[in-house]
Amino acid sequence: MKQTAAFALATALLLGTAHAQEKVTLTVAAFPSLDSAIKAILPAWTKLHPNVTINLQAQQFADHHTAMTTALATGQGLPDVMAIEIGYVGKFAEGQGLENLNSAPYSAAQYKKLFTPFTIAQATGSDGRFIAMPTDIGPGTFFYRKDVLDKAGVNPLTMQSSWENYIASGKKIKQKTGAYLVNTAASVYNLVIRTNLKSGEGIYFDKQNNLLVGPDNARFVRAMTLAKQVRDAGLDAKIGEWSNEWYDAFKKGTVATQFSGAWLQGALQNWMAPDTKGLWRVQNLPEKGFASWGGSFYAIPSKAKNKQWAWEFIKFMTLNQQSQITAFQDNGAFPALIAAQKDKAFSEPVEFLGGQKARVLWRDAAAKTQPIDVNKYDSVADQILQTELTNVLEQGKDIKQALADARAQIARRAR
Amino acid sequence: MSQRTPTSAPPRAPWSYTRFQQRFAPYLFVSPFFLLFAVFGLFPLLFSLFLAFHLWSPLDGIGNWKFVGFENFQLALGPTDMFWKSLKNTVWIGLLSGIPQHLVALPLAFIIHHSLRRFQGAFSTILFLPYITNAVAIAIVFATLYSERLGILNYLGGLVGLDPVRWLGDPNMVPYSVAAVVFWRYVGWNTVLYLSGLQAISEDVYEAATVDGANGWQKFWYITLPLLRPMMFYAFTLTIVGSMQLFEEPFMLLNDGGGSGGAGLTSAMHIFNTAFRDLDMGYASAMSWLLFLAIFALSMLNNYLFTRDGGNK
């Protein structure tokens with residue numbers, strides 16, 4: 001009897017100490033440059049939770065998402081916290097492998113109003129499941145070379161007022177300075193199809209899964225027509241994004257304008273064209289087209305081992321104002337958290353943009369961006385339409401015919 | 001049941017370790033290959049055949065597939081589908097890179113074997129280098145060569161007054177640009193294959209021909225070619241299979257979309273995109289099997305052409 005009591009006591013003591021020093025290792029899978037933001041925030045996290053070690057697994061962008069897809073398919077090798085980029089969040093939301101953060105113990109509904117509204121819709125599946133917390137967003141913006149526009153005598157506001165004026169100004173720029181208007185005509189197409197969508201409309205499908213692409217959809221007809229006008233007038237440099245020519249054009253100012261996410265400013269400043277400091281400016285996209293251009297999220301796989309700490313970690317990354325600002329200062333990740341956007345850093349002038357208070361403009365643009373419905377066949381539609389656009393631009397295919405062909409092809413694939 | 005047991009059967013020896021070892025140990029020793037093959041070879045094969053008849057996104061998890069019969073195959077064989085276009089691209093790039101490979105490799109091997117024998121080792125090494133070079137490095141180098149405004153090719157063309165060519169931007173140009181890289185990468189491999197084939201041909205035959213007064217061309221045409229037939233068959237088969245599965249070079253040069261208008265989108269790339277970007281595993285599996293059938297048919301055709309008039313030798 002005495003022996004048993006002693007044993008019980010010893011066991012209790014052992015368990016007690018074990019609990020007090022309980023070491024937790026949390027696996028976080030991410031991609032560049034989100035991993036850099038996580039590393040920057042980690043010291044603050046470790047201070048708060050010294051017993052929770054973060055095991056950060058970073059892979060290249062596509063590799064990360066492929067690995068996560070296979071891990072979700074098999075339920076093996078899943079991290080506790082999964083970073084997801086905007087291009088994948090819609091697909092992942094349609095699957096069943098991630099925790100629904102609406103339900104207990106997460107009850108994330110209470111936090112939704114703290115974020116820039118359109119990001120919440122991006123992470124919500126068609127069945128209403130909310131699968132990921134937004135961490136950064138990419139407000140779409142219109143970059144232009146002030147020096148080139150000045151030389152051509154073009155007012156940037158004119159370019160912003162309508163697409164027709166944008167193209168007309170482009171002709172003037174080409175004539176006066178020799179600079180191209182835009183890297184590729186496809187940029188104009190890609191922007192026009194993404195802006196001014198009606199509520200409940202996605203880019204290619206509406207909320208009821210109806211295919212919107214076709215020769216009678218004004219948005220697509222206009223997007224292709226404008227792109228064709230740009231190409232026919234010789235205003236695009238026919239340069240693909242993320243190519244050596246693209247970086248070279250930024251350095252030399254041979255392309256006058258670029259539509260992109262706000263994050264491009266950081267890339268230009270840090271490595272693409274640091275010498276062009278002060279020559280760039282930004283304004284809102286043409287025809288008040290507000291668009292989301294990038295963004296990242298954190299999710300918890302249903303088969304994660306440590307969901308409780310995973311949720312604590314995600315809350316620390318997304319809801320903690322200081323974390324969001326640290327990420328912003330680290331690599332320009334624009335906070336999804338509205339409170340963080342009100343930090344004084346946002347009203348400071350951006351030296352690279354000639355002292356323009358660009359972040360206020362971006363904050364405003366983000367607030368005005370409408371949610372776009374995503375569909376799991378978006379990538380199928382995108383690829384088919386890009387091919388048809390090339391047929392229009394390179395081979396002079398009739399636009400209505402191209403859109404009819406695209407519609408037929410997408411309809412067959414979207415089952 | 002017991003009365004049907006044949007009485008003539010030899011009496012069963014009682015269980016013994018030696019007997020067990022003799023009978024089963026060999027199976028145990030060869031089992032690693034079969035286990036590995038079953039897990040990494042047979043299972044994916046059967047699973048993809050299974051998936052070819054189902055609609056499945058990996059994000060739905062194991063078990064949540066929907067039987068769709070032949071729908072995936074019908075989809076791929078539809079006249080407007082990207083699969084046809086990708087197959088056309090694949091065959092076109094394969095022809096553009098494959099035919100010149102052999103037209104160059106064969107005479108080159110002949111010349112090295114007969115005239116430059118002293119440098120044979122050095123030549124083989126140099127010719128083999130592209131084959132073992134990392135595909136990413138190749139893509140970076142060629143992307144730089146092909147660059148429209150910054151590239152060496154257009155710079156050299158400009159010196160002699162040629163207009164810049166959009167090597168990787170113009171859909172009509174893309175197949176040639178990709179084929180050139182594939183040609184460059186595998187021509188050495190084929191030359192080395194032919195060289196080893198030539199070394200297997202006895203010198204006596206050539207000496208006899210020399211005595212008979214045959215010139216170099218006659219020796220090539222009447223001795224080398226016929227005797228190289230088995231090696232040519234082997235090399236052609238490898239080229240056909242490799243060309244039909246072409247993925248690395250266009251993927252690295254043109255990204256996953258296959259370049260402007262998908263002009264460099266090969267079937268393997270299209271299957272990869274369908275599986276891992278569109279997450280339509282069933283459709284991707286169906287196309288994989290169709291691609292397998294296409295490769296099988298072309299290999300058979302190659303086999304037929306080679307044995308038709310030469311099989312009786």
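What you see is a predicted model; the values in this text were computed from it and never measured. (Residues numbered from 1 in each chain as written. Chains lettered and ligands numbered in written order. Predicted model: local features only at pLDDT ≥ 70, side-chain atom pairs only at ≥ 80, totals over all residues. Heavy atoms only, no water.)

Novice: Quick rundown of the overall build of chain B? Include the residues and the values.
Specialist: Each helix and strand in chain B was counted, giving 12 helices and two strands. Seen in sequence order, chain B has helices and strands lined up from the N terminus as α-β-β-α-α-α-α-α-α-α-α-α-α-α. Taking 313 residues into account, the globule formula puts the C-alpha radius of gyration at 20 Å, and chain B, at 27 Å, lies well above it. By its C-alpha atoms, chain B is 95 × 65 × 35 Å across when sized along the principal axes. Counting across all 313 residues of chain B, residues that qualify as buried make up 40%. For chain B, restricting intrachain contacts to residue pairs at least 6 apart in sequence, the fraction spanning at least 24 positions comes to 66%. Summed over its atoms, the accessible surface of chain B is roughly 17800 Å², and 70% of this surface lies on carbon and sulfur atoms. Between the averaged position of the 17 positive side-chain charges in chain B and that of its 16 negative side-chain charges there is a distance of 11 Å. (Helix = DSSP H or I, 4+ residues; strand = E, 2+ residues; numbered from the N terminus. Rg over C-alpha atoms; globule rule 2.2 N^0.38 Å. Buried < 20%, exposed > 50% of the residue type's maximum accessible area, 1.4 Å probe, protein only. Contact = heavy atoms within 4.5 Å. Areas by Shrake-Rupley, 256 points an atom, 1.4 Å probe, with all protein chains shown as cover. Lys, Arg positive; Asp, Glu negative; His and termini not counted. Charge placed at Lys NZ, Arg CZ, Asp CG, Glu CD.)

Novice: Could you give an account of the overall build of chain A, naming the residues involved and the relevant values?
Specialist: Scanning chain A from terminus to terminus reveals 18 helices and eight strands. Rg of the C-alpha trace for chain A: 24 Å, near the compact-globule value of 22 Å for 415 residues, within the 12% margin. Projected onto its principal axes, the C-alpha positions of chain A cover 100 × 50 × 35 Å. In chain A, which comprises 415 residues, the proportion classed as buried is 55%. Put simply, of all contacts in chain A between residues at least 6 apart along the chain, 74% involve residues at least 24 apart. Here chain A has roughly 17600 Å² of accessible surface; of this, 53% comes from carbon and sulfur atoms. Between the averaged position of the 45 positive side-chain charges in chain A and that of its 35 negative side-chain charges there is a distance of 3 Å.

Novice: Describe the interface of chain B and chain A, naming the residues involved and giving the relevant values.
Specialist: Listed per partner, the contact involves 38 residues of chain B and 31 residues of chain A. Roughly 3000 Å² of surface becomes buried between chain B and chain A when both sides are summed, with 50% attributable to carbon and sulfur atoms. Looking only at chain B, the three residues that lose the most surface to chain A are Leu-59, Arg-149 and Arg-277 of chain B, adding up to 22% of its buried area. The tally of links between chain B and chain A comes to five salt bridges. Here Asp-280 of chain B ties to Arg-415 of chain A by a salt bridge, and the two come within 2.9 Å at their closest N and O atoms. The interface formed by chain B and chain A includes 16 residue pairs in polar contact (both at pLDDT 80 or more). (Buried area = accessible area lost by both parts, 1.4 Å probe. Salt bridge = Lys/Arg side-chain N within 4 Å of Asp/Glu carboxyl O. Polar contact = N/O pair within 3.5 Å; in protein donor to acceptor, adjacent residues only side chain to side chain.)

Novice: Account for unusual backbone geometry, with residues named and values stated.
Specialist: Note: most residues except glycine have negative phi, and most peptide bonds are trans. All names here are of chain A. For the peptide bond that leads from Pro-32 to Ser-33, omega is 0°, which places it in the cis range. Examined against the element boundaries, Ser-33 turns out to sit in the loop between strand E1 (24-30) and helix H2 (34-48). Omega for the peptide link from Ala-104 to Pro-105 comes to 5°, which places this bond in the cis form. Positionally, Pro-105 belongs in the loop between helix H4 (86-94) and helix H5 (117-122). At Ser-107, a residue that is not glycine, the phi angle is positive and equals roughly 45°. By secondary structure assignment, the location of Ser-107 is in the loop between H4 and H5.

Novice: Describe in detail the pattern of salt bridges, supporting the description with residues and values.
Specialist: In this structure the tally under the stated criterion is 25 salt bridges over all chains. Between Lys-228 of chain A and Asp-232 of chain A there is a salt bridge; the shortest N-O distance is 3.3 Å. On the criterion of helical spacing, the pair formed by Lys-228 of chain A and Asp-232 of chain A is a turn pair, its members being four residues apart in helix H10 (residues 218-232). A single salt-bridge network, built from bridges that share partners, covers Arg-231, Asp-236 and Glu-394 of chain A together with Arg-166 of chain B.

Novice: Any details on the nonpolar core? Residues and values, ideally.
Specialist: One broad rule of soluble globular proteins: the nonpolar side chains tend to lie buried together. Within the largest apolar cluster, 85 residues are counted, with the highest numbers of intra-cluster contacts made by Ile-84, Phe-92, Met-133, Leu-268, Trp-311, Phe-313 and Leu-353 of chain A. The element best represented in this core is helix H13 (residues 307-318) of chain A, accounting for seven residues. Setting aside anything within four residues of it in sequence, one finds Ile-84 of chain A in contact with Phe-31, His-65, Val-89, Phe-92, Leu-98, Ile-131, Gly-295, Ser-296, Phe-297 and Ala-299 of chain A. Listed in part, the 54 residues of the second largest apolar core include Met-159, Leu-211 and Ala-291 of chain A together with Val-68 of chain B. (Core = buried A, V, L, I, M, F, W, Y, C linked by side-chain atoms within 4.5 Å.)

Novice: Describe the UniProt feature "domain: ABC transmembrane type-1" (unreviewed entry) in chain B, with residues and values.
Specialist: Under the present numbering, the feature "domain: ABC transmembrane type-1" (unreviewed entry) in UniProt falls on residues 87-302 of chain B. The annotated region residues 87-302 of chain B carries 76% helix and 0% strand content, and the separation between its end C-alpha atoms amounts to 18 Å. (UniProt positions renumbered as here; feature names shortened; annotations may be inferred.)

Novice: If you had to explain the UniProt feature "transmembrane region" (unreviewed entry) in chain B to someone new, which residues and values would you point to?
Specialist: Residues and elements named next belong to chain B. Cross-referencing UniProt, the feature "transmembrane region" (unreviewed entry) maps to residues 27-56, 91-112, 124-146, 173-195, 227-247 and 286-306 in the present numbering. Summarising residues 27-56: 83% helix, 7% strand, and an end-to-end C-alpha distance of 37 Å. The distance from the first to the last C-alpha atom of residues 227-247 is 33 Å, and the span holds 86% helix and 0% strand.

Novice: Got a sec to walk through the confidence of the model for chain A? Specific residues and values, please.
Specialist: Per-chain confidence: chain A averages 91 in pLDDT, with 95% of residues scoring 70 or above. pLDDT under 50 marks residues 11-20 of chain A. Its contacts with residues more than four places away, or in other chains, come to zero contacts. (pLDDT = per-residue confidence, 0-100.)

Novice: Let's hear about the environment of Pro-286 of chain A: which residues, and what values?
Specialist: Residue and element names in this part refer to chain A. Within the fold, Pro-286 resides in the loop between strand E6 (280-283) and strand E7 (292-299). Owing to a relative accessible area of 3%, Pro-286 belongs among the buried residues under this scheme. The sequence separation of Pro-286 and Ser-162 amounts to 124 residues, and the corresponding C-alpha distance is 5.7 Å.

Novice: A description of the packing of helix H17 (residues 378-395) of chain A against helix H18 (residues 399-413) of chain A should follow, citing residues and the corresponding values.
Specialist: All names here are of chain A. Contact pair H17 / H18: the axes reach a minimum separation of 9 Å and the direction vectors enclose 155°. Between H17 and H18, the interaxial angle falls into the category roughly antiparallel. Judged by the twist between their axes, the crossing of H17 over H18 is right-handed. Contacts between H17 and H18 involve Val-380, Ala-381, Ile-384, Leu-385, Glu-388 and Val-392 from the former and Ile-399, Ala-402, Leu-403, Asp-405, Ala-406, Gln-409, Ile-410 and Arg-413 from the latter. Classifying every residue of the contact of H17 with H18 by side-chain character gives 10 nonpolar, one polar and three charged. (Axes fitted to C-alpha atoms, helices over the stretch in contact; angles between N-to-C directions. Parallel < 35°, antiparallel > 145°, perpendicular 65-115°, else oblique. Left-handed = near helix turned anticlockwise from the far one by under 90°. Nonpolar A, V, L, I, M, F, W, Y, C, P; charged D, E, K, R; others polar.)

Novice: So, the packing of aromatic side chains: which residues are in play, and what are the values?
Specialist: Residue and element names in this part refer to chain A. According to the stated counting rule, one finds 57 aromatic pairs over all chains in the structure shown. When the centroid spacing of 5.1 Å and the interplanar angle of 65° are considered together, the rings of Trp-242 and Trp-246 count as edge-to-face. Judged by its relative accessible area of 3%, Trp-246 falls in the buried class. With a centroid separation of 4.9 Å and 55° between ring planes, the pair formed by Trp-246 and Phe-250 is classed as tilted. With Trp-246 and Phe-250 both in helix H11 (residues 244-252) and four residues apart, this pair spans about one turn of that helix. With relative accessibility at 3%, the residue Phe-250 sits in the buried group. (Phe/Tyr/Trp six-rings, centres within 6.5 Å; stacked < 30°, edge-to-face > 60°.)

Novice: With reference to specific residues and values, describe helix H1 (residues 17-51) of chain B.
Specialist: Residue and element names in this part refer to chain B. Between its first and last C-alpha atoms H1 spans 45 Å; for 35 residues at 1.5 Å apiece the expected length is 51 Å, and the helix comes up short by more than 12%. At Ser-31, H1 shows its largest kink, close to 45°, and the proline Pro-32 lies no more than four residues downstream. Buried within H1 are the following residues: Ala-25, Ser-48 and Leu-51. Residues of H1 that are buried in the fold lie against strand E1 (54-55), helix H2 (71-77) and helix H12 (281-308). (Expected span 1.5 Å × (residues − 1). Bend = angle between axes of the 7 residues up to and from the residue.)

Novice: Break down the environment of Ile-239 of chain A for me, with residues and values.
Specialist: Tracing the backbone shows Ile-239 of chain A in the loop between H10 and H11. On the basis of relative accessibility, which here comes to 4%, the residue Ile-239 of chain A falls in the buried class. Remark: the alpha-carbon pair of Ile-239 of chain A and Ser-323 of chain A, spanning 84 residues in sequence, is separated by 37 Å. For Ile-239 of chain A, the residues in contact, after removing those within four places along its chain, are Asn-183, Thr-184, Glu-245, Trp-246 and Ala-249 of chain A together with Arg-149 of chain B.

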